[in-house]
Amino acid sequence: MNQLSVQHLLGIKHLTKADIDLIFSTADHFKEVINRPIKKVPSLRDITIANLFFENSTRTKLSFELAEKRLSADIINFSASQSSVKKGETLIDTANNILSMKVDLIVMRHPHVGACDFLSKHVNAKIINAGDGTHEHPTQALLDSYSIREKLGSVKGKKVIILGDILHSRVALSNIYALKLQGAEVKVCGPKTLIPKYIESLGVGVETNIKKALEWCDVANVLRVQNERMATNYFPSTREYTKLFGINKKMLDSLDKEIVIMHPGPINRGVELTSDVADNSQSIILNQVENGVAIRMAVIYLLAQQIERK
Ligand code: CP
């Protein structure tokens, strides 16, 4: 198979295992390209991409932009805080105005769940979800699984703990879909108040004791507490959260195996991870960021193959 089964990348939920295999094999090729002295290919010289960011981002925005440049696409960047959205323009009007400038593909981050799905039904362009509210962040999950595969040889059969604020995390949901599709065992760990009640229906275990969680897993994917998405308090204090769910070096050293530490960023150092864990040789946090460019090149390249060239 050399074509994705989907027309847009709205979420991992819509992908097949074959889609993920195709994205990974394409990313392997692009990873080799971006490690060459000349890090560009001319593949998408005839494609124009708009990056629409209605929410803050460092890694995802820069990674998509670099991926697009490495593929030689033309790009335009849109940040909601500096746009006419502030004057009341709707999402569809904003997107259609941008598309009338002959844009082929939109990468969008938006605070509302389902915004990318909505856009895909109302505008004539390929849509890539760069994070929609608490719902999905598919390219993050793809780069996370790709990084596990690179570090441990495969994802199948690996035991992965997703630790922290699962309730507000789009990274958690996309990772659960991606990991389960590839045959990993997945558990979540965190305060009960930050674990959604439906989680076990996704085939995911729950562990509320961090020591047991770390003893069980091969990989710990650690998430930030997303205070910006909380309207109420879910635990008594940050200090107590860190005491019960933070990872420090002493805990890692007490395990009888070397587990892999991951984090999608941004890290709150000293809260969910101490610096000597984040910067430890067991951490692949910066490898995740590096792999993000190759994964995003692969996704953009594969979706662009479906665009009719006039
Ligand atoms: N991992 C991630 O989505 O980071 P940003 O919010 O900085 O893009």
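Owing to the predicted nature of the structure, the values given are computational and were not obtained by experimental measurement.

**Brief notes about the packing of aromatic side chains**
Summed over the entire model, instances satisfying the criterion amount to five aromatic pairs. Arranged with centres 5.3 Å apart and planes meeting at 70°, the rings of Phe24 and Tyr146 form a pair that is edge-to-face. One end of the pair, Phe24, is in helix 1 (residues 17-33); the other, Tyr146, is in helix 5 (residues 138-152), with 122 residues separating them in the sequence. In this pair, the class of Phe24 matches that of Tyr146, namely buried. Centre to centre, the rings of Phe235 and Tyr241 are 5.1 Å apart; their planes meet at 40°, and the pair counts as tilted. Of the residues examined, Phe235 reaches a relative accessible area of 17% and is grouped as buried.

**Quick word on unusual backbone geometry**
The omega angle of the peptide bond from Gly265 to Pro266 is -10°, so this bond is cis rather than trans. If you trace the backbone, Pro266 turns up in the loop between strand 9 (260-262) and helix 10 (275-278). At Ser72, a position not held by glycine, the phi torsion is positive, near 70°. One non-glycine residue with positive phi stands out, namely Lys102, at about 65°. Structurally, the position occupied by Lys102 is in the loop between helix 3 (91-99) and strand 3 (105-110). Given the relative accessible area of 67%, Lys102 is considered exposed.

**Description of the pattern of salt bridges**
According to the stated counting rule, one finds 11 salt bridges in the structure shown. For Arg36, the salt bridge is made with Glu32, and the minimal N-O distance between the two is 3.2 Å. Taking relative accessible area as the criterion, Arg36 reaches 33% and is therefore assigned partly exposed. According to the relative accessible area criterion, Glu32 is partly exposed, its value standing at 45%. With a shortest N-O distance of 2.9 Å, Arg269 and Asp279 are connected by a salt bridge. Here Arg269, found in the loop between strand 9 and helix 10, pairs with Asp279, found in the loop between helix 10 and helix 11 (285-304); they are 10 residues apart in sequence, far enough to count as distant. The network of salt bridges with common partners includes Lys31, Glu150 and Glu290.

**A closer look at the domain arrangement of the protein**
Partitioning the protein into domains gives domain 1 (12-136 + 290-304) and domain 2 (138-288). Between the C-alpha centres of domain 1 and domain 2 the distance comes to 25 Å. On the domain 2 side, the residues contacting the 30 residues of domain 1 number 28 residues. Overall, the association of domain 1 and domain 2 removes approximately 2,400 Å² of surface from exposure, summing both partners, and the carbon and sulfur fraction of that is 60%. Among the residues domain 1 hides against domain 2, the three largest losses belong to Ile12, Phe24 and Asn291. Together they make up 25% of the total. Note that Glu55 is salt-bridged to Arg170, the shortest N-O span being 2.8 Å. Remark: the boundary between domain 1 and domain 2 carries 15 residue pairs in polar contact (both at pLDDT 80 or more). Of all the elements in the fold, those that place two or more residues in the side of domain 1 that touches domain 2 are helix 1, helix 2 (59-70), strand 3, strand 4 (126-132) and helix 11.

**As for the site of the ligand**
Taken together, Ser57, Thr58, Arg59, Thr60, Arg109, His137, Gln140, Pro264 and Gly265 are the residues near the ligand. Taking Arg59, its side chain carries an N or O atom lying 2.9 Å from an oxygen atom of the ligand. Pro264 is positioned with one of its backbone polar atoms (N or O) 2.8 Å from a nitrogen atom of the ligand. When residues of the shell around the ligand are sorted by domain, at least three fall in each of domain 1 (12-136 + 290-304) and domain 2 (138-288).

**Considerations on the nonpolar core**
Grouped together as the largest cluster of nonpolar side chains are 44 residues, with contacts concentrated most on Leu15, Ile23, Val107, Ile128, Leu142, Ile295 and Ile300. In terms of residues, this core owes the most to one element, helix 11, which gives 10 residues. Taken together, domain 1 (12-136 + 290-304) and domain 2 (138-288) each give at least three residues to this core, which thus spans both. Membership of the second largest hydrophobic core comes to 27 residues, among which are Phe245, Ile247, Ile259 and Ile285.

Cut-offs used in this document
Residues numbered from 1 in each chain as written. Predicted model: local features only at pLDDT ≥ 70, side-chain atom pairs only at ≥ 80, totals over all residues. Heavy atoms only, no water. Phe/Tyr/Trp six-rings, centres within 6.5 Å; stacked < 30°, edge-to-face > 60°. Helix = DSSP H or I, 4+ residues; strand = E, 2+ residues; numbered from the N terminus. Buried < 20%, exposed > 50% of the residue type's maximum accessible area, 1.4 Å probe, protein only. Salt bridge = Lys/Arg side-chain N within 4 Å of Asp/Glu carboxyl O. Domains from an automatic or database assignment. Contact = heavy atoms within 4.5 Å. Buried area = accessible area lost by both parts, 1.4 Å probe. Polar contact = N/O pair within 3.5 Å; in protein donor to acceptor, adjacent residues only side chain to side chain. Near = heavy atom within 4 Å. Core = buried A, V, L, I, M, F, W, Y, C linked by side-chain atoms within 4.5 Å.

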